[in-house]
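# Chain and residue survey
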Amino acid sequence: MVINELKSDILHEVILRRPDDSHKGDFGRVLLIGGSMQYGGAILMAGQASVGAGAGLTTVATDKVNLTALHTRTPEAMFLDWEDDEQLLANIEKNDVIVIGPGLGTDQHALHLVKLVFKSVTDKHILVVDGSALTVMAENHLTFPRQAYTIATPHQMEWARLSGVQLNYQTEHQLNEVQRQILNLDVLVLKQHHTLIYAENELRQLMIGGAYQATGGMGDVLAGIIGGFVGQFKKNHLKATEAAVYAHSIIAQEMAAHSYVVKPSFIADSLSNYMSRIQSNL
Ligand SMILES: NC(=O)C1=CN([C@@H]2O[C@H](COP(=O)(O)OP(=O)(O)OC[C@H]3O[C@@H](n4cnc5c(N)ncnc54)[C@H](O)[C@@H]3O)[C@@H](O)[C@H]2O)[C@@H](O)CC1
Ligand SMILES: Nc1ncnc2c1ncn2[C@@H]1O[C@H](COP(=O)(O)OP(=O)(O)O)[C@@H](O)[C@H]1O
Ligand SMILES: [Mg+2]
């Protein structure tokens, strides 16, 4: 398979100046589901990243224990109790993008939520599946729903669990591509040093980023940025995903000039500033 490098021009192609005559409803409604008691930080970071990426409206469905922390860190985001199925169903319908998985955990409630989302999404939705949701799928032999546009963001271990392609075989790109198709995925973001993005007729590789990103929460922030980008830049979901992947790492790379390790939440917070530089072509 031919691998094309993912380059900075993707940012200029995707991140456009907002029309003056617009409102929050024009820039995507993103619902993020995750954050057990143990992993609350993951969904907080993903929510913060969705807001930072410019999603018009961000809602976080999580364990009640995370309510105060969410509103303290990211008051722009709305809260939803993840035990309230009725509210969840109403919100799935209302939102354009559903991000499920950051800090979700793998217990029975996590499985219930994954099943609820998979059966409720329609062809109007973009679904981003990350973290624990991928492990829950693997453990319960679930496949992605056909009806939604689906993007999965596994790291190599999560991909091995889900696809059966073990780490030492993941360099065989054709194997990953076949699994992407079998699993009904529109886009596979296979995260690693030099992340690969598999999609119909296309394989792209990120050639920036580094070990300063190897810290918990880095993927949670990426899931939130992807949610914010696909919700907002609606013309091409694949390109919006690629731009999110590139922006996430170029910001980390810039921060690494003066940070040994880059804090994921710092990327979420500086994203908007970076995007403003891109749209002004600075
Ligand atoms: N502050 C928080 O609340 C955090 C919550 N997290 C959540 O914790 C849950 C479990 O995710 P984890 O990823 O920790 O656990 P997993 O058990 O799914 O995988 C982690 C292990 O996979 C292995 N691995 C192999 N290749 C890898 C690669 N390329 N990238 C990363 N790991 C690779 C590593 O040995 C690593 O310890 C997820 O729902 C995640 O969102 C994590 O994001 C960490 C931070
Ligand atoms: N050495 C590295 N070089 C480049 N990128 C890295 C490196 N280590 C981790 N990353 C990036 O950081 C993110 C980690 O995602 P993930 O493992 O899901 O983290 P978490 O679940 O803790 O949030 C991915 O985007 C991955 O590509
Ligand atoms: Mg992760």
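Everything quoted here is computed from the prediction, not taken from an experiment. Along each chain, the written sequence defines residue order, and numbers are assigned to residues from 1. A letter from A marks each chain and a number from 1 marks each ligand, given out in the order of writing. Per-residue local features of the predicted model are confined to residues with pLDDT of at least 70, and side-chain atom pairs are confined, for both listing and counting, to 80 or more; whole-chain, interface and lining totals are unaffected and use all residues. Derived side-chain values reflect all non-hydrogen atoms in the structure, with water molecules and hydrogen atoms excluded from consideration.

### Some details on the site of ligand 1
- Neighbouring ligand 1 are 18 residues; Gly103, Ser132, His155, Arg161 and Asp220 lie closest to it.
- Separating an oxygen atom of ligand 1 from a backbone N or O atom of Tyr39 is a distance of 3.3 Å.
- Here Gln156 contributes a side-chain N or O atom positioned 2.9 Å from a nitrogen atom of ligand 1.
- Computed with the Shrake-Rupley method and a 1.4 Å probe, the accessible areas treat only the protein chains shown as cover for residues. For ligand 1, the accessible surface in isolation is 850 Å², of which the surrounding protein chains cover 59%.
- A run of DSSP states H or I qualifies as a helix once it reaches four residues; a run of E qualifies as a strand once it reaches two. Both are numbered from the N-terminal end. The set of elements that each furnish at least two residues to the shell around ligand 1 consists of helix H2 (40-53) and helix H7 (156-163).
- Broken down by element, the residue count for the shell around ligand 1 peaks at four residues, all from H7.
- As a working rule, the residues Ala, Val, Leu, Ile, Met, Phe, Trp, Tyr, Cys and Pro are called nonpolar, Asp, Glu, Lys and Arg charged, and the rest polar, with Gly in that last group. The class makeup of the residues in the shell around ligand 1 is six nonpolar, eight polar and four charged. If even one non-hydrogen atom of a residue comes within 4 Å of a molecule or strand, that residue is called near it. By the criterion applied in these results, polar contacts are pairs of N or O atoms within 3.5 Å in which, for protein atoms, one can donate a hydrogen and the other can accept it, and in which residues neighboring in sequence qualify only through two side-chain atoms.

### Comments concerning a positive patch on the surface
- There is a patch of like positive charges on the surface, built from Lys24, Arg29, Lys94 and Lys234.
- Inspection of the secondary structure puts Arg29 in strand S2 (residues 29-33).
- Working definition: with a 1.4 Å probe on protein chains only, accessible area under 20% of the residue-type maximum means buried, over 50% means exposed, and in between means partly exposed. In this structure Arg29 comes out as partly exposed when scored by relative accessible area, which is 30%. Residues with no salt bridge and a relative accessible area higher than 30% make up the patches, which join like charges within 9 Å and nonpolar side chains (Val, Leu, Ile, Met, Phe, Trp, Tyr) within 5 Å. The salt bridge definition used is simple: a Lys or Arg side-chain nitrogen within 4 Å of an Asp or Glu carboxyl oxygen. Charge convention: Lys and Arg are scored as positive, Asp and Glu as negative, and His as well as the terminal groups of each chain are ignored. To locate a charge, take NZ of a lysine, CZ of an arginine, CG of an aspartate or CD of a glutamate.

### Re the confidence of the model for the protein chain
- In this model, the protein chain carries an average pLDDT of 97, and 100% of its residues clear a pLDDT of 70 or more.
- For this predicted complex, the interface confidence reaches an ipTM of 0.98, while the overall pTM sits at 0.98. Each residue carries a pLDDT value, the predictor's own confidence for that position, ranging from 0 to 100.

### Examining the site of ligand 2
- Near ligand 2 you find 17 residues, and of these Lys191, His193, Gly217, Gly219 and Asp220 are the closest.
- Here Gln192 contributes a backbone N or O atom positioned 3.0 Å from an oxygen atom of ligand 2.
- Take Asp220: an N or O atom from its main chain is 2.9 Å from an oxygen atom of ligand 2.
- In isolation ligand 2 has 570 Å² of accessible area, and contact with the protein removes 79% of it.
- Cavities and pockets were defined on a 1 Å grid built from protein atoms only: a cavity is a group of points that admits a 1.4 Å probe but offers it no way out, a pocket is an open group of points flanked by protein on both sides within 12 Å along at least five of seven lines, and a lining residue is one with an atom within 4 Å of any such point. Being in a pocket or cavity means that more than half of the molecule's atoms lie within 2 Å of its grid points. In this structure, ligand 2 is accommodated by the largest pocket.
- The element contributing the most residues to the shell around ligand 2 is helix H9 (residues 218-232), with four residues.
- Of the residues belonging to the shell around ligand 2, the class tally is four nonpolar, eleven polar and two charged.

### Focus on the packing of helix H5 (residues 108-120) against helix H6 (residues 131-139)
- For every element, the axis is a line fit to its C-alpha atoms; helices are fit only across the contacting stretch, and the angle between N-to-C directions ranges from 0 to 180 degrees. Two elements in contact, H5 and H6, have axes separated by 10 Å at closest approach and are oriented at 90°. By the angle between their directions, the pair H5 and H6 is classed as roughly perpendicular. On the side of H5, the interface is formed by Ala110, Leu111, Val114 and Phe118, while H6 contributes Ala133, Val136 and Met137.
- Its residues placed into classes, the contact of H5 with H6 shows seven nonpolar, no polar and no charged. Oblique is the label for any angle not under 35 degrees, not over 145, and not in the 65 to 115 range, which are roughly parallel, roughly antiparallel and roughly perpendicular in turn. We call two residues in contact when some of their heavy atoms are within 4.5 Å.

### Considering the pairing of strand S7 (residues 149-153)
- Counting buried positions along S7 gives four out of five residues, so the element sits mostly inside the fold.
- Any two strands are treated as partners once DSSP identifies two or more bridges connecting them. Pairing geometry for strand S6 (residues 126-130) and S7, over five bridges, is parallel. Paired with Val129 across the two strands is Ala152, which belongs to S7.
- Between the parallel pair S6 and S7, the chain is carried across by H6, and the sense of this crossover is right-handed. The path from the first strand over the helix to the second decides the hand: if it runs clockwise while the strands point away from the viewer, the crossover is right-handed.

### Digging into the packing of aromatic side chains
- Any two rings among Phe, Tyr and Trp, with Trp reduced to its six-membered ring, count as a pair given centres within 6.5 Å; such a pair is stacked if its planes are under 30 degrees apart, edge-to-face if over 60, and tilted if neither. As enumerated under the stated definition, the model contains two aromatic pairs in all.
- When the ring of Phe118 is compared with that of Phe144, the centres are 6.2 Å apart and the planes differ by 35°; the resulting orientation is tilted. Taken together, the residues span a long stretch of sequence, with Phe118 in helix H5 and Phe144 in the loop between H6 and S7 at a distance of 26 residues. The same class applies to Phe118 and to Phe144, which are both buried.
- Judged by centre distance (5.2 Å) and plane angle (85°), the ring pair of Phe229 and Phe233 falls under edge-to-face.

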